[in-house]
Amino acid sequence: NATAGTEANFAAAIAGFGHLLRNPLYLGAWDYDDAIALANANRGTDDFGYRTEAVQLMRLAQSLSR
């Protein structure tokens, strides 16, 4: 099911983002760009704009981490 894959991949982007915020020790070379790209590629239906807002928060966190 493509929808299930999209949902799982978006959830993985959010989980990875959480790890980046707290402790990226186990993420290796995976970074904010990867989280943002994965989330954007798997945004799916975003009726209320929450997923778009999540990506915006990722970008804000990325800019603050530099």
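Rules behind the numbers
Residues numbered from 1 in each chain as written. Predicted model: local features only at pLDDT ≥ 70, side-chain atom pairs only at ≥ 80, totals over all residues. Heavy atoms only, no water. Phe/Tyr/Trp six-rings, centres within 6.5 Å; stacked < 30°, edge-to-face > 60°. Helix = DSSP H or I, 4+ residues; strand = E, 2+ residues; numbered from the N terminus. Buried < 20%, exposed > 50% of the residue type's maximum accessible area, 1.4 Å probe, protein only. Lys NZ or Arg CZ within 6 Å of the ring centre and 35° of its normal. Patch = residues over 30% accessible without salt bridge, like charges linked within 9 Å, V, L, I, M, F, W, Y side chains within 5 Å. Areas by Shrake-Rupley, 256 points an atom, 1.4 Å probe, with all protein chains shown as cover. Salt bridge = Lys/Arg side-chain N within 4 Å of Asp/Glu carboxyl O. Arc of directions from axis to C-beta. Polar contact = N/O pair within 3.5 Å; in protein donor to acceptor, adjacent residues only side chain to side chain.

### Digging into the packing of aromatic side chains
This structure, assessed with the given rule, holds two aromatic pairs. Ring geometry for Phe17 against Tyr32: centres 6.3 Å apart, planes inclined by 65°, an arrangement best described as edge-to-face. Highlighted residues: Phe17 in helix 1 (residues 2-22) and Tyr32 in helix 2 (residues 32-41), separated in sequence by 15 residues. The buried category is assigned to Phe17, whose relative accessible area is 11%. Directly above the aromatic system of Phe10 lies the positively charged group of Arg51, at a separation of 4.5 Å from the ring centroid.

### What to know about a nonpolar patch on the surface
Side chains of Leu57, Leu60 and Leu64 sit close together on the surface and give an oily, nonpolar patch of about 320 Å² of accessible area. Within the secondary structure, Leu60 sits in helix 3 (residues 50-64).

### So, helix 2
Residues of helix 2 that are buried: Tyr32, Ala35, Ile36 and Ala39. The arc that holds every buried residue of helix 2, seen down its axis, measures 95°, which confines them to one face. For helix 2, the side-chain oxygen to backbone nitrogen distance between the N-cap and Asp33 is 3.2 Å, and the N-cap itself is Asp31.

### Re the pattern of salt bridges
Inspection of every chain in the model, using the stated rule, returns one salt bridge. For Glu7, the salt bridge goes to Arg51, with nearest N and O atoms at 2.6 Å. Of this pair, Glu7 sits in helix 1 while Arg51 sits in helix 3, and the two are 44 residues apart along the sequence. According to the relative accessible area criterion, Arg51 is buried, its value standing at 15%.

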